[in-house]
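These are the residues of each chain, in order.
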Amino acid sequence: MTVTRPARLTGAALCAALTLLATIWVLKDLAALGSPADLAWYWAGDHHFLIRGRSATSLADPVLLLVSAVTAVASIRSRHAASALAATGSATLAVRLPGLWSHDSGVLVTALLALGLAAGLLAVATVGRRRAAGHEHLPTRPRTGPAVAAGTLLAVAALALAAWELYWAAQLPLEITVDRFTGGRSVLKAALAPPPAWLSLVLVALYGTAAVAALTRARHARALGLLAGTFLALGGLAETARTVRYELVGHFADIPTTDRLAVLTAAYGLLAGTAVLALLAGRGAPAAVPRPPRRTAPPAPPYPQPPGW
């Protein structure tokens, strides 16, 4: 299946609108904080230095900005951008959905706009498809070795994130656990940020789906895997930078076991996400060339014919 040119242009326009929407909020936060470094550290989870203002964005916003921009370029350049459009639309829907129950009018309007644009991407990816012509190539499948390696890394990341959420659900009171899914009063977060447990649930689903697609070498495995690898790598980078800033790495032997596991999980996210991007960014396996049918000799008569018969 390929995507028609009008559908590709429409998808690129929708992705550009999503990119612009996220850029406006990032620029607004940059003007409030006054320093790109302060904003980057806020995205990484360091909120102790804020004096001049408070950020409304979180790490999910620059990630969605990057993903939307890349998908816009891919939809213009490639006839096989349906999976990228669908993956970007699904991720945007899942991340922006909690904004619907926000009390901030700006966040609510942003959520409505983002959800409408994401639904448009899903519609374009579905309606804009057409069967490939005889001279057109189908999307290539990832190669077996890189696909299995990437799928395994993503599956481990999904299991690790799910284990952390189960741990916090067992350690925290029920009220706080519910607030971590719904964004209640006990959870301190940026205005646009989804609730932490909600985001973890979305990422577990993304990593797990991408892992299954990669292990089965599906044609949409590259788009899903690159999206999951981007979230995993940037999330691991932010967590690793924060652990280094708090000097947890230098005192690794002296910190509690939970903090050690957090440091190791952050390092794994950075390394595994980078590896997934490298494994799935290469060329896919070449399509199999159909063999021409064998020519068979005509069957011999069942008995010899006499001369002149």
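Higher on the page you've got the structure.
Residues numbered from 1 in each chain as written. Predicted model: local features only at pLDDT ≥ 70, side-chain atom pairs only at ≥ 80, totals over all residues. Heavy atoms only, no water.

Visitor: An account of the packing of aromatic side chains is needed here, citing residue identities and associated values.
Guide: The geometry of an aromatic ring pair is captured by two quantities: the separation of the ring centres and the angle between the planes. With the rule as written, the count across this model stands at four aromatic pairs. Seen from their ring centres, Trp101 and Trp198 are 5.8 Å apart, and the 80° between their planes marks the pair as edge-to-face. Of the two residues, Trp101 sits in the loop between helix H4 (82–96) and helix H5 (105–127) while Trp198 sits in helix H8 (residues 196–215), which places them 97 residues apart along the sequence. Residues Trp164 and Trp168 carry aromatic rings whose centres are separated by 6.4 Å and whose planes lie at 25° to one another, so their mutual orientation is stacked. (Phe/Tyr/Trp six-rings, centres within 6.5 Å; stacked < 30°, edge-to-face > 60°. Helix = DSSP H or I, 4+ residues; strand = E, 2+ residues; numbered from the N terminus.)

Visitor: Account for the pattern of salt bridges, with residues named and values stated.
Guide: The final tally for this structure, using the stated rule, is three salt bridges. Among the salt bridges present, the one from Asp61 reaches Arg96, with a minimum N-O distance of 2.8 Å. Residue Asp61 is located in helix H3 (residues 60–77), and its partner Arg96 is located in helix H4; the two are separated by 35 residues in the primary sequence. Of the residues examined, Asp61 reaches a relative accessible area of 1% and is grouped as buried. The exposure class assigned to Arg96 is buried, which follows from its relative accessible area of 9%. (Salt bridge = Lys/Arg side-chain N within 4 Å of Asp/Glu carboxyl O. Buried < 20%, exposed > 50% of the residue type's maximum accessible area, 1.4 Å probe, protein only.)

Visitor: Account for H5, naming residues and giving values.
Guide: Taking 1.5 Å as the rise per residue, H5 with 23 residues should run 33 Å; its terminal C-alpha atoms sit 33 Å apart, in good agreement. Its buried side turned inward, H5 meets helix H1 (5–33), H4 and strand S2 (129–130). One side-chain oxygen of the residue at the start of H5 lies 2.8 Å from the amide nitrogen of Gly106, identifying that residue as Asp104. (Expected span 1.5 Å × (residues − 1). Contact = heavy atoms within 4.5 Å. Polar contact = N/O pair within 3.5 Å; in protein donor to acceptor, adjacent residues only side chain to side chain.)

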